[in-house]
Amino acid sequence: MSSRIVLLLLFCVCCVNVALAKQPDVAAKTETSIPTGMLDNLVILQYHNVSTKTPASTSIAPEKFAEHLAYLYRHYTVVDLFDAIKALRAGNSLPDKAVAITFDDGFDNILLNAHPLLQKYNFPYTIFINPQRIDKDRNQLTWYEVKQMAQENVRFANHTLDHLHLLNREYRNGEKESDAQWLTRIMYNIDQAEKLIETQLGYSLQFLAYPYGEFDTFLAQHLEQQGYIGFAQHSGAVFSGSNFSALPRFPAAGRYANINTLKVKLNSLAMPVLDNNIQSPVVSEEGFPSTLKLTVAAADLNMNAMNCFFQGHLQDKKIIENLVEVSLPESFPFGRSRMNCTAPSKTQKGRFYWFSQPFFKANENQLFPD
Ligand SMILES: [Zn+2]
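Residues numbered from 1 in each chain as written. Predicted model: local features only at pLDDT ≥ 70, side-chain atom pairs only at ≥ 80, totals over all residues.

A. Structural view of the overall build of the protein chain. In terms of helices and strands, the protein chain carries 9 helices and 21 strands. Here the C-alpha radius of gyration of the protein chain, 20 Å, is about what a compact globule of 370 residues would show, namely 21 Å. Seen along its three principal axes, the alpha-carbon backbone of the protein chain occupies a region of about 55 × 50 × 35 Å. Burial statistics for the protein chain: of 370 residues in total, 43% are counted as buried. (Helix = DSSP H or I, 4+ residues; strand = E, 2+ residues; numbered from the N terminus. Rg over C-alpha atoms; globule rule 2.2 N^0.38 Å. Buried ≥ 20, exposed ≤ 12 C-beta atoms within 10 Å, placed from the backbone.)

Right, dumping it as structure tokens:
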């Protein structure tokens, strides 16, 4: 991690041929007056349904989605997720205000309601699909449609075969599977999904969006060793020093669809965290830390103005130089929760560094709920 931070601080300026949408004004701006440190930054948006007929929590109305795209066209540079991740990992720079668009779950309303709008702006985007559901489940894309879209600026990536909760353990003959059996089972699922995509489309990105954003450190590290990049659902921007086995994305639909709140997120910068005491996001009953301790590279980050929110509530914190300590709840809620910390940039007026720590807690039945 620290060598990546050094790289960031060196403000590497080598340019990369990122697949840009046609935005001559924005593209020209990157070559002139933008501080190069800002070019090591990517915001990834996450959508599911673009429809008024699907569950509100995962949906955005087509008119609202059109509003997002128009705003992106005016103020941001929409980049291809695969090219942008490749550039960041190679230490190459991105355009200023780079944004990647992603969808999870492969619903057919993406083709019907979102694709024409995205095409209008020539915006590349990525859909994480469950290959076992394609062609089969109602409201899912078909392989024919997937192949057509793949010819039109859309990439397809892995969301597991069937959208399982990866962290759930199964029981065989009344006995809980061992860690080794669990890992074998879910890696088979993930690899099979990857193979199906490759069979249909002829490529394998090895990009995995964790269903429900759930992962643990052991799994994330194993996937990294196997060559996968992981995408989760906690919020925050990405930079070359990010953990590429669990990258954050900003949800942009449901209660997050409001353009005014989205603007702050689009404008966010990846918080350069040097050290984090949370070893794994899975909350265990015993021995789980009572405090989140983050050490950050504070050169451009206003430490004293840092705020941390757990489930939207401002938390008490202690700041010692570039270390922040935030109390964690005595009892976490079942399912998914997260702590978000933000701090203003000293040099980029109106821009905030953003960090999110997700937590996953199993319920009384030792299952992770939807
Ligand atoms: Zn999903």
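The discussion continues.
B. Geometry of the domain arrangement of the protein chain. The domain boundaries assigned to the protein chain delineate domain 1 (2–270) and domain 2 (275–361). Partitioned by chemical class, the residues of the side of domain 1 that touches domain 2 number 11 nonpolar, 8 polar and 2 charged. (Domains from an automatic or database assignment. Nonpolar A, V, L, I, M, F, W, Y, C, P; charged D, E, K, R; others polar.)

C. Spatial organisation of unusual backbone geometry. Even without being glycine, Gln-206 reaches a positive phi, approximately 55 degrees. Here Gln-206 lies in the loop between α7 (179–201) and β10 (207–209). Judged by C-beta crowding, with 18 C-beta atoms within 10 Å, Gln-206 ranks as partly exposed.

D. Focus on the sheet that holds strand β16 (residues 307–310). Ordered by their spatial adjacency, 5 strands build an open sheet running β13-β21-β20-β16-β17, and the pairing between neighbours is mixed. If you trace the sheet from one side to the other, it starts and ends with β13 (269–270) and β17 (313–314), each paired once. Here β13 runs beside strand β21 (residues 352–361); their pairing, made up of 2 bridges, is parallel. Of the residues in β21, the one forming a bridge with Ala-270 is Trp-354. (Pairing = 2+ DSSP bridges.)

E. Summary view of the packing of helix α3 (residues 62–75) against helix α5 (residues 108–120). Axis separation between α3 and α5 bottoms out at 10 Å; the angle between their running directions is 25 degrees. With respect to each other, α3 and α5 are oriented roughly parallel. The two elements α3 and α5 meet at a crossing, and its hand is right-handed. From α3, Pro-62, Phe-65, Ala-66 and Leu-69 reach across to α5, where they touch Asn-113, Ala-114, Leu-117 and Leu-118. For the contact of α3 with α5, the residue count by class is 7 nonpolar, 1 polar and no charged. (Axes fitted to C-alpha atoms, helices over the stretch in contact; angles between N-to-C directions. Parallel < 35°, antiparallel > 145°, perpendicular 65-115°, else oblique. Left-handed = near helix turned anticlockwise from the far one by under 90°. Contact = placed C-beta atoms within 7 Å.)

F. Looking closely at the nonpolar core. Within the largest apolar cluster, 95 residues are counted, with the highest numbers of intra-cluster contacts made by Leu-42, Ile-44, Ala-84, Val-99 and Cys-341. Looking at which element gives the most residues to this core, the answer is β21, with 6 residues. Of the residues that make up this core, three or more belong to each of domain 1 (2–270) and domain 2 (275–361). (Core = buried A, V, L, I, M, F, W, Y, C linked by C-beta atoms within 7 Å.)

G. Looking closely at the pairing of strand β1 (residues 42–47). Counting buried residues in β1 gives 6 out of 6 residues, a clear majority hidden from the surface. Residues Leu-42, Ile-44 and Gln-46 line one face of β1 and the alternating positions Val-43, Leu-45 and Tyr-47 line the opposite face, and both faces are buried. Sheet analysis places β1 next to strand β5 (residues 98–104), joined by 6 bridges and oriented parallel. Within the sheet, the bridge partner assigned to Leu-45 lies in β5 and is Ile-101.

H. Representation of the sheet that holds strand β15 (residues 291–296). The sheet built from 4 strands is open, its strands ordered β14-β15-β19-β18 with antiparallel pairing. Of all strands in the sheet, those bounded by a partner on one side alone are β14 (273–276) and β18 (317–320). Neighbouring strand axes in the sheet, compared pairwise and without regard to direction, differ in orientation by 20 degrees on average. Here β14 runs beside β15; their pairing, made up of 3 bridges, is antiparallel. Residue pairing in the sheet places Asp-275 in a bridge with Thr-295 of β15.

I. Structural detail: the pairing of β18. In terms of strand pairing, β18 meets strand β19 (residues 323–327) through 4 bridges, oriented antiparallel. The residue of β19 that forms the bridge with Lys-317 is Val-326. In textbook terms, the turn of a hairpin is the stretch between consecutive antiparallel strands, and for β18 and β19 this stretch comprises 2 residues, one of which, Glu-321, has a positive phi near 50 degrees.

J. Looking closely at α7. For α7, which comprises 23 residues, the first-to-last C-alpha distance of 33 Å matches the rise-based estimate of 33 Å (1.5 Å per residue) to within 8%. Along α7, the residues classified as buried are Ile-186, Ile-190, Ala-193, Glu-194 and Ile-197. On its buried face, α7 sits against β7 (154–158) and β10. Following α7 by one or two positions, Gly-202 adopts a phi angle in the positive range, close to 80 degrees. (Expected span 1.5 Å × (residues − 1).)

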